[in-house]
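# An overview of the molecular structure
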Amino acid sequence: ASMTYKTILGRCLQFIPVFLGITLLSFGLIYIAPGDPVGIRLSAGGIAADPQLVERMRTEMGLDQPFLVQYGHWLIHFLQGDMGKSYITDLPVAATFWKALPYTLRMAGTAMGLTLLISLPLGIAIAACRNSRMDYVVRFLTFVLNATPGFIIGIVLMFIFSYRLGWIPVLATTKPIGMILPALTLGLVISSRYIRQIRAAALDELAKDYVIGLRARGITERVILFRNVLKNIMVIVITLTGISIGSLLGGTVIIETIFNWPGIGSLIMGAIGNRDYPVIQAVVVWMALAFFLVNLIADLSYRYFNPKIKDL
């Protein structure tokens, strides 16, 4: 237990400079990008960009200050729990962010669940019947899906289930049924990579001596595959899952845009287009925290499936 607490504390201390570096870099990239939040806000409101009005608004929004002053001002307020106000809507960033976050969390959870339900049984099954017809067919399909852009898969699913069959409304953005197609799209895209990697890991396990011993003792193939082999490849599965969940929690811009899903991806897309610094920084911090927490949980999970891992 003490080692676990030490590990968590060490990870938290390592995260501090990473957090500062990520936020500083993102703030700097947006700062030097062409365009101006004041001009965008005025044009969106249909107001003529009078020079005096522009200067006054820049002063009010703090955009006339040096870069490090702007960053320091944002950081101090953020550490106090204040995400600031949107430059475009003038609404609290926290309210906008917390409104979009549940949609992304539901999407990420559903997509990851579908991915594991598809890839784990299939990956182990085709490893068990290596070079069979099923193995060739599944691997061919994974190559096709992996080579196909995610938005193409989403459009095809939308055409089949929404247009041709009429089972799922196209714009059911705030209803549970509206999550099915985007989550299935992400599940298929991620599974196309997982299946091959799980197959390779399972084949490595099946070639080990302990499997021969289990078979000699009369243990059924299904028990060997889904109790012994699956447990021994879980470190690889956890690693893959951690990377994917971190990415999903950051929002999937293209998929959310296609299906009009009001999650973090749509939020950051609009904020980047409008140079809305406070919103962008809130999403960047969330993505950094999401990867940190997911990786920490993954590291701690390694101990359960592989007790040989002593020092993380």
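These remarks concern the structure in this document. Small disclaimer: the values here were computed from a predicted structure and weren't measured.

### What to know about the layout of surface pockets
The volume enclosed by the largest pocket comes to roughly 430 Å³. Considering the residues around the largest pocket, the lining is formed by 19 residues, among which M61, H73, G84, Y87 and P278 are closest to the centre. Elements represented by at least two residues in the lining of the largest pocket include exactly α3 (51-61), α4 (67-79) and α14 (277-305). Residue classes in the lining of the largest pocket are distributed as seven nonpolar, seven polar and five charged.

### Structural notes on unusual backbone geometry
For D90, which is not glycine, the phi torsion reads 65° and is therefore positive. Here D90 is to be found in the loop between α4 and α5 (93-128).

### A few points about helix α7 (residues 150-164)
Here α7 contains 15 residues, and its C-alpha end-to-end distance of 20 Å stays within 8% of the 21 Å for a straight helix at 1.5 Å per residue. Of all the bends in α7, the greatest measures close to 25° and is centred on M158. Taken as a whole, α7 has its buried residues at I153, G154, L157, M158 and S162. Its buried side turned inward, α7 meets α6 (133-147), α8 (180-206) and α12 (253-258).

### Side note on the packing of aromatic side chains
Tallied over the full model, the rule gives 13 aromatic pairs. A ring pair is formed by F15 and F19, whose centres lie 6.0 Å apart and whose planes are at 40°; its orientation type is tilted. Here the residue F15 and the residue F19 both occupy positions in helix α1 (residues 2-32), the gap between them amounting to four residues, near one helical turn. Just as F15 is buried, F19 falls in that class too. With centroids separated by 5.5 Å and ring planes inclined at 85°, the aromatic side chains of Y103 and W261 adopt a geometry described as edge-to-face. Of this pair, Y103 sits in helix α5 while W261 sits in the loop between α12 and α13 (264-273), and the two are 158 residues apart along the sequence. Over the aromatic face of Y103 sits the side chain of R106, whose NZ or CZ is 4.9 Å from the ring centroid.

Conventions used here
Residues numbered from 1 in each chain as written. Predicted model: local features only at pLDDT ≥ 70, side-chain atom pairs only at ≥ 80, totals over all residues. Heavy atoms only, no water. 1 Å grid on protein atoms, 1.4 Å probe; cavity = no way out; pocket = protein on both sides within 12 Å on 5 of 7 lines; lining within 4 Å. Points joined across faces, edges and corners; volume = space filled by probe spheres on them. Helix = DSSP H or I, 4+ residues; strand = E, 2+ residues; numbered from the N terminus. Nonpolar A, V, L, I, M, F, W, Y, C, P; charged D, E, K, R; others polar. Expected span 1.5 Å × (residues − 1). Bend = angle between axes of the 7 residues up to and from the residue. Buried < 20%, exposed > 50% of the residue type's maximum accessible area, 1.4 Å probe, protein only. Contact = heavy atoms within 4.5 Å. Phe/Tyr/Trp six-rings, centres within 6.5 Å; stacked < 30°, edge-to-face > 60°. Lys NZ or Arg CZ within 6 Å of the ring centre and 35° of its normal.

As far as function goes, none of this settles anything; it's purely spatial.
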